[in-house]
Amino acid sequence: MYKIKVNGKYDYNIEKNAEGLFINDNKTAADIKQLNTTTWHIINDLQSYNVELVSFNSADKTAEIKVNNNTYSVTAKDQFDILLEKLGLTSLTANKISELKAPMPGMVLKVFVTEGAEVKKGENLFVLEAMKMENIIKSPDDVTVKKVKITPGDKVEKGQVLLQFN
């Protein structure tokens, strides 16, 4: 499931599963044809749309798309962004970040950072396995790692401090 915001004011919930594509809980029967890596042709409700991906930032999950020559700014949140938001971890970036806590219980599979490492926003910090899914936890801001309190194989609880920053 994705929460999409268009031009900072229009919200959409999008989900694709075995039953089809749902936009705001309404099933859509759109005919979507990818023409190349950045353009698509979509027919929905007897209307035709030419869609072009103008720019994409995977770290921020933002994009600019052009639909029938009108440009739109799009931001996306996936299920993990929504979970982090519910846990209050997105507000950490408003202030200086001093620590990173486990967003969910799980087992640490890999640690990509060492003490003293300078990490940029969006870079991988560690991999946390939870509910048989591997979740790559990324840096919420530009930070310097002060202390790494985890090693691969560690089992962690939700809210446990895993990394400390200067």
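An account of the accompanying structure is given in this report. (Residues numbered from 1 in each chain as written. Predicted model: local features only at pLDDT ≥ 70, side-chain atom pairs only at ≥ 80, totals over all residues. Heavy atoms only, no water.)

**Remarks on unusual backbone geometry**
Item 1. The phi angle at Asp25 is positive, at roughly 65 degrees, despite the residue not being glycine.
Item 2. Phi at Asn69 is positive, roughly 70 degrees, even though this residue is not glycine.
Item 3. Positionally, Asn69 belongs in the loop between β8 (62-67) and β9 (70-77).
Item 4. Judged by its relative accessible area of 69%, Asn69 falls in the exposed class. (Helix = DSSP H or I, 4+ residues; strand = E, 2+ residues; numbered from the N terminus. Buried < 20%, exposed > 50% of the residue type's maximum accessible area, 1.4 Å probe, protein only.)

**Some thoughts on the layout of surface pockets**
Item 1. In this model, the largest pocket occupies a volume close to 1300 Å³.
Item 2. Those elements that provide at least two residues to the lining of the largest pocket are β1 (2-6), β2 (10-17), β3 (20-23), β6 (39-44), β7 (47-57), β8 and β9.
Item 3. Take the lining of the largest pocket: its biggest share by element is five residues, from β7.
Item 4. Classifying every residue of the lining of the largest pocket by side-chain character gives 22 nonpolar, five polar and three charged. (1 Å grid on protein atoms, 1.4 Å probe; cavity = no way out; pocket = protein on both sides within 12 Å on 5 of 7 lines; lining within 4 Å. Points joined across faces, edges and corners; volume = space filled by probe spheres on them. Nonpolar A, V, L, I, M, F, W, Y, C, P; charged D, E, K, R; others polar.)

**Digging into the pattern of salt bridges**
Item 1. On inspection of all chains with the given rule, the structure shows four salt bridges.
Item 2. For the salt bridge of Asp11 with Lys5, the shortest nitrogen-to-oxygen distance reads 3.0 Å.
Item 3. Through salt bridges with shared partners, a single ionic network connects Lys61, Asp78 and Asp81. (Salt bridge = Lys/Arg side-chain N within 4 Å of Asp/Glu carboxyl O.)

**A closer look at the pairing of strand β17 (residues 161-165)**
Item 1. Direction of pairing for strand β10 (residues 99-101) relative to β17: antiparallel, over a ladder of three bridges. Looking across to β17, one finds that Lys101 is bridged to Val161.
Item 2. Here three bridges tie strand β15 (residues 143-148) to β17, and the two strands are oriented antiparallel to one another. Among the inter-strand pairings, Val148 is bridged to a residue of β17, identified as Leu163. (Pairing = 2+ DSSP bridges.)

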